[in-house]
Amino acid sequence: MDFAKRIQEKVSSGSKIEEKLLKQLLTSISDYLSTSEQSLVLKAYEYGAHAHKEQRRKSGEPYICHPLSVAQILAEMRMDGETICAALLHDVIEDTEINLSDLARLFNPEIASLVDSVSKLDQIKFNNQAEAQAETLRKMILAMVQDIRVILIKLTDRLHNMRTLKYLPERKRKLKAKETLDIYAPIANRLGINTIKNELEDLGSVSYTHLRAHETREDRGWGVVGGKKRGGGGG
C-alpha cells in the first residue's frame, strides 16, 4: 500500500476529533519531514492509537487525542521525527501493557529512550507547595534529563493538559495550576521557550486565581448561587 493511500485510510478511520487532529499533524510534518520520517510518525500514531484504544480522556475524547495534540505543538516547533514519534507514544509505557523493549524493537532505541525518560519524569510527584520544594523539583527534572527533547515533550504535554484543565475535579485543577506556575513555567523560562512559558503562566494564573477566589468565598460561608450565605440566617 502506498504512503498516500495509507494516510487516507488512517485519517478516515477514527473519531471526528481524532481524524481532524491526525490530518492536522500529518499536514504540519509534511512541510519539513522526509517521507520516511512521516511514515514512522504515522506508524507511531497507529501503535499509540491501538495501545490506548480502550481509554478516554476526562473530556470523553479518545485518549489518543492527547498525544496527537502534544505532537502537533511539537510539529509547530518543527521538532524532528523521533521527537514527534515519542510524543505520540509518551504515555504507552505508563498507561498500557507496552514495555520499553517493545518500543525499541518496533521503532528504534532513540524513540524508546525518549519515551522512557518522559515516563520517569512523570514519576516525580508534586505534593508540597513550598517554594523550596518547587526549586528542588526543577533542579531534579533538569538534572535527570540528558536530552533536551525530553523536557520539550514534557512541557508540551503539560501545556495541552492545562488547555483542557476544566475537565478535572477542582482539587486537581488547583494542584496542576500551582505545579505549572512553580515548576514547568520556570523551566520553560530557563530554557528560553517564551511562547510555552507565557501560555503556561497565563493558563496557570487564571486557573489558580479563580480557584483560590472560590475557596475564599467558601471559607467565608458564601455560596455560589444568588450570592447568598449558606446555612444559618441572622444579619
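Anything mentioned here points back to the structure above.
Residues numbered from 1 in each chain as written. Predicted model: local features only at pLDDT ≥ 70, side-chain atom pairs only at ≥ 80, totals over all residues. Heavy atoms only, no water.

(A) Up close: the environment of Leu22. Topologically, Leu22 is positioned in helix H2 (residues 16–30). The class of Leu22 is buried, set by a relative accessible area of 1%. C-alpha of Leu22 to C-alpha of Leu68: the two residues are 46 residues apart in sequence and 6.6 Å apart in space. (Helix = DSSP H or I, 4+ residues; strand = E, 2+ residues; numbered from the N terminus. Buried < 20%, exposed > 50% of the residue type's maximum accessible area, 1.4 Å probe, protein only.)

(B) Inspection of the packing of aromatic side chains at higher detail. Scanning the entire structure with this criterion turns up one aromatic pair. Aromatic side chains Tyr47 and Phe107 sit 5.7 Å apart centroid to centroid with 75° between the ring planes, which places their arrangement in the edge-to-face category. With a gap of 60 residues between them, Tyr47 in helix H3 (residues 35–51) and Phe107 in the loop between helix H7 (100–106) and helix H8 (109–122) connect regions that are remote in the sequence. Like Tyr47, the residue Phe107 is buried in the burial classification. Note that Lys43 overlies the ring of Phe107, its terminal NZ or CZ placed 5.1 Å from the centroid. Sitting over the ring of Tyr63, Arg57 keeps its end group 6.0 Å from the ring centre. (Phe/Tyr/Trp six-rings, centres within 6.5 Å; stacked < 30°, edge-to-face > 60°. Lys NZ or Arg CZ within 6 Å of the ring centre and 35° of its normal.)

(C) Spotlight on the packing of helix H10 (residues 148–163) against helix H11 (residues 170–190). Relative to each other, H10 and H11 sit at 145°, their axes nearing to 11 Å. For the crossing formed where H10 meets H11, the hand is left-handed. Contacts between H10 and H11 involve Ile151, Lys154, Leu155, Arg158 and Met162 from the former and Lys176, Ala177, Glu179, Thr180, Tyr184, Ile187 and Ala188 from the latter. Its residues assigned to classes, the contact of H10 with H11 shows seven nonpolar, one polar and four charged. (Axes fitted to C-alpha atoms, helices over the stretch in contact; angles between N-to-C directions. Left-handed = near helix turned anticlockwise from the far one by under 90°. Contact = heavy atoms within 4.5 Å. Nonpolar A, V, L, I, M, F, W, Y, C, P; charged D, E, K, R; others polar.)

(D) Looking closely at the environment of Glu76. For Glu76, the location among the structural elements is in helix H4 (residues 65–76). Glu76 sits in the exposed class, given a relative accessible area of 53%.

(E) Broad picture of the nonpolar core. Membership of the largest hydrophobic core comes to 59 residues, with the highest contact counts inside it found for Leu25, Ile84, Leu88, Leu89, Leu103 and Leu155. Ignoring anything within four residues of it in the chain, the contact list for Leu155 reads Tyr184, Ile187, Ala188, Leu191, Ile193, Ile196 and Leu200. (Core = buried A, V, L, I, M, F, W, Y, C linked by side-chain atoms within 4.5 Å.)

(F) Just the pattern of salt bridges, in detail. The full count for this structure, using the stated rule, is 14 salt bridges. Between Glu135 and Arg138 there is a salt bridge whose closest N-O contact spans 2.3 Å. Here Glu135 and its partner Arg138 are both found in helix H9 (residues 131–144), three residues apart, which amounts to about one turn of the helix. What makes Glu135 partly exposed here is its relative accessible area of 22%. When its relative accessible area of 7% is taken as the criterion, Arg138 is described as buried. Here Lys139 makes a salt bridge to Glu135, at a shortest N to O gap of 3.9 Å. Of the two residues, Lys139 and Glu135 are both situated in helix H9; the distance of four residues between them amounts to about one turn of the helix. Ionic contacts of the salt-bridge type, sharing partners, join the residues Asp80, Glu110, Asp147 and Arg149 into one network. (Salt bridge = Lys/Arg side-chain N within 4 Å of Asp/Glu carboxyl O.)

(G) Broad picture of H3. End to end, H3 covers 24 Å across 17 residues, agreeing with the expected 24 Å (1.5 Å per residue, within 8%). Among the residues of H3, Gln38, Val41, Leu42, Ala44, Tyr45, Tyr47, Gly48 and Ala49 are the ones counted as buried. (Expected span 1.5 Å × (residues − 1).)

(H) Region of interest: the side chain of Thr156. Positionally, Thr156 belongs in helix H10. Relative accessible area serves as the criterion here: at 0%, Thr156 is assigned to the buried category. A polar side-chain atom of Thr156 sits 3.0 Å from the main-chain carbonyl oxygen of Ile153. The residues touching Thr156, leaving out its near neighbours within four places in the chain, are Val70, Ile73, Leu74, Met77 and Ile196. (Polar contact = N/O pair within 3.5 Å; in protein donor to acceptor, adjacent residues only side chain to side chain.)

(I) Local environment of the side chain of Asp122. The residue Asp122 is located in helix H8 in this model. Those residues in contact with Asp122 that sit more than four places away from it in its chain are Asp91, Glu94 and Lys154.

(J) The arrangement of H11 in detail. With 21 residues, H11 should reach 30 Å at 1.5 Å per residue; the first-to-last C-alpha distance of 29 Å fits that figure. Maximum bend of H11: about 45°, positioned at Thr180. Directly after H11, the chain includes Gly192, whose backbone phi takes a positive value near 75°. (Bend = angle between axes of the 7 residues up to and from the residue.)

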